[in-house]
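Residue strings, one per chain:
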Amino acid sequence: MTKPPSPPRPRWGAACVIGWPVAHSRSPLIHNYWITRYGLDAEYRREAVPPDQFKDFIAQLSDRGYVGANVTVPHKEAALAVAAPDERAKVVGAANTLWLEGGVLRATNTDVEGFIANLGAAAPAWDRGLRSAVVLGAGGAARAVVFGLLGRAVERVHVVNRTFERAKALADRFGGQVKPFRWSDLDRLLADAGLLVNTTSLGMSGQPELAIDLAPLPADAVVADLVYAPLKTALLADARRRGLRAVDGLGMLLHQAVGGFERWFNLRPQVTEDLRALVEADLIGT
Ligand code: NAP
């Protein structure tokens, strides 16, 4: 028997970001900006939930009045087990967006499209003729980035990580186009790279700087940093000084939010200069 089409979801309700800690999250700023901008009768809140309470919290998501949620550190991997993940979330091994659909809690990973959409907006044609990309880091963010790059027909992705075994595990997950490397291989790999992406936490406020030499990169290479606090990292400053195209992490944060908002409130929001300025102002001093 064919299933009747689901009724359109209403343009109201509440959503939240679940993390531990969660005070630092800029998601409320982004989603509440869109809620006001589009005149929705909705709300987006922070929920500080420790790991041992995550499963119970999710089980009560609907009873708490939520139509869905973002999930941030340290729950992104655990989210796969408490919801029905799509193929992308399964391959990446982490979910950051949950939504209720016909009584089923679904999960996806919007970091993938956030990363790709931001590159497209900030460095148009970044993937034209792109043969080789270097990804620094092998954590959850790196897996989302690699998934996105493979979706754009990049020929080779070279994953460089402090802990080689994690780079190898990432490469094994994605197959032959992705190869693991050590930090000592970086100069050689950069010479052939059209894109360099930092997915490590190096350069974040409170963390050591990412100290690498960009000199070997070709003159038309794009350098992207996932770090957005601070917004102007030493890596991006160096890339700009060398005349390379530099893409910051804030754009990815804004673009990854679109998919959740659309699923919860049945409206696809726009990433605008106004929204970016609002979050940029909030990041000053980080
Ligand atoms: P994660 O799973 O903890 O991975 C952290 C990565 O950083 C690992 O590869 C780790 O290497 C590396 N690293 C940490 N300290 C290092 C050091 N001192 N030297 C060399 N490498 C080091 O974290 P994640 O979830 O992937 O997030 C990584 C970064 O991406 C964070 O800064 C996060 O804020 C950012 N991010 C941004 C967005 C956005 O929207 N812009 C979205 C997601 C994540 P080892 O494996 O050797 O430990």
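For the structure itself, look to the data block above.
Below is a short write-up of the structure. (Residues numbered from 1 in each chain as written. Predicted model: local features only at pLDDT ≥ 70, side-chain atom pairs only at ≥ 80, totals over all residues. Heavy atoms only, no water.)

### Side note on the packing of aromatic side chains
No. 1: Tallied over the entire structure, the rule returns five aromatic pairs.
No. 2: Arranged with centres 6.0 Å apart and planes meeting at 75°, the rings of Trp 264 and Phe 265 form a pair that is edge-to-face. No difference in accessibility class separates Trp 264 from Phe 265, as the two residues are buried.
No. 3: An aromatic cluster is present here, built from Trp 34, Tyr 38, Tyr 44, Phe 261, Trp 264 and Phe 265 joined pairwise through their rings. (Phe/Tyr/Trp six-rings, centres within 6.5 Å; stacked < 30°, edge-to-face > 60°. Buried < 20%, exposed > 50% of the residue type's maximum accessible area, 1.4 Å probe, protein only.)

### Description of the site of the ligand
No. 1: Around the ligand sit 21 residues, and of these Ala 141, Asn 161, Arg 162, Thr 163 and Arg 166 come closest.
No. 2: For the ligand, an oxygen atom lies 2.9 Å from a polar atom in the side chain of Arg 162.
No. 3: The backbone of Leu 226 places a nitrogen or oxygen atom 2.9 Å from a nitrogen atom of the ligand.
No. 4: Alone, the ligand offers 930 Å² of accessible surface; in the complex the protein occludes 77% of this.
No. 5: Among the cavities detected, the one that contains the ligand is the largest pocket.
No. 6: When contributions to the shell around the ligand are tallied by element, the ones reaching two or more residues are α6 (140–151) and α10 (249–265).
No. 7: Looking at the shell around the ligand residue by residue, the classes come out as nine nonpolar, nine polar and three charged. (Near = heavy atom within 4 Å. Polar contact = N/O pair within 3.5 Å; in protein donor to acceptor, adjacent residues only side chain to side chain. Areas by Shrake-Rupley, 256 points an atom, 1.4 Å probe, with all protein chains shown as cover. 1 Å grid on protein atoms, 1.4 Å probe; cavity = no way out; pocket = protein on both sides within 12 Å on 5 of 7 lines; lining within 4 Å. Sits in = over half its atoms within 2 Å of the grid points. Helix = DSSP H or I, 4+ residues; strand = E, 2+ residues; numbered from the N terminus. Nonpolar A, V, L, I, M, F, W, Y, C, P; charged D, E, K, R; others polar.)

### Points about the pattern of salt bridges
No. 1: The tally for this structure, following the rule as stated, stands at 19 salt bridges.
No. 2: Across the pair Glu 113 and Arg 88 runs a salt bridge whose closest N-O atoms are separated by 2.5 Å. Note that Glu 113 is positioned in helix α5 (residues 111–122) and Arg 88 in helix α4 (residues 87–92), a separation of 25 residues in sequence.
No. 3: Given the relative accessible area of 23%, Arg 88 is considered partly exposed.
No. 4: Here Asp 172 and Lys 168 are joined by a salt bridge, their closest N and O atoms 3.1 Å apart. Residue Asp 172 and its partner Lys 168 are located together in helix α7 (residues 164–174), separated by four residues, close to a single helical turn.
No. 5: For Asp 172, a relative accessible area of 52% corresponds to the exposed category.
No. 6: Within this structure, Arg 131, Glu 155, Arg 156 and Asp 192 form a network of salt bridges that share partners. (Salt bridge = Lys/Arg side-chain N within 4 Å of Asp/Glu carboxyl O.)

### Quick word on the layout of surface pockets
No. 1: A volume near 1500 Å³ is recorded for the largest pocket.
No. 2: Listed by contribution, the elements that provide at least two residues to the lining of the largest pocket are β3 (66–71), α6 and α10.
No. 3: For the lining of the largest pocket, a count of residues per class yields 20 nonpolar, 21 polar and six charged.
No. 4: Shared between two domains, the lining of the largest pocket holds at least three residues of each, these being domain 1 (11–109 + 252–283) and domain 2 (112–248). (Points joined across faces, edges and corners; volume = space filled by probe spheres on them. Domains from an automatic or database assignment.)

### Thoughts on the side chain of Thr 72
No. 1: Relative to the helices and strands, Thr 72 is located in the loop between β3 and α3 (79–82).
No. 2: Under the relative-accessibility criterion, Thr 72 is labelled buried at 17%.
No. 3: If near-sequence neighbours (up to four positions away) are discounted, Thr 72 is found in contact with Val 17, Ile 18, Gly 19 and Val 22. (Contact = heavy atoms within 4.5 Å.)

Remember that the coordinates give geometry; whether it matters functionally is a separate question.
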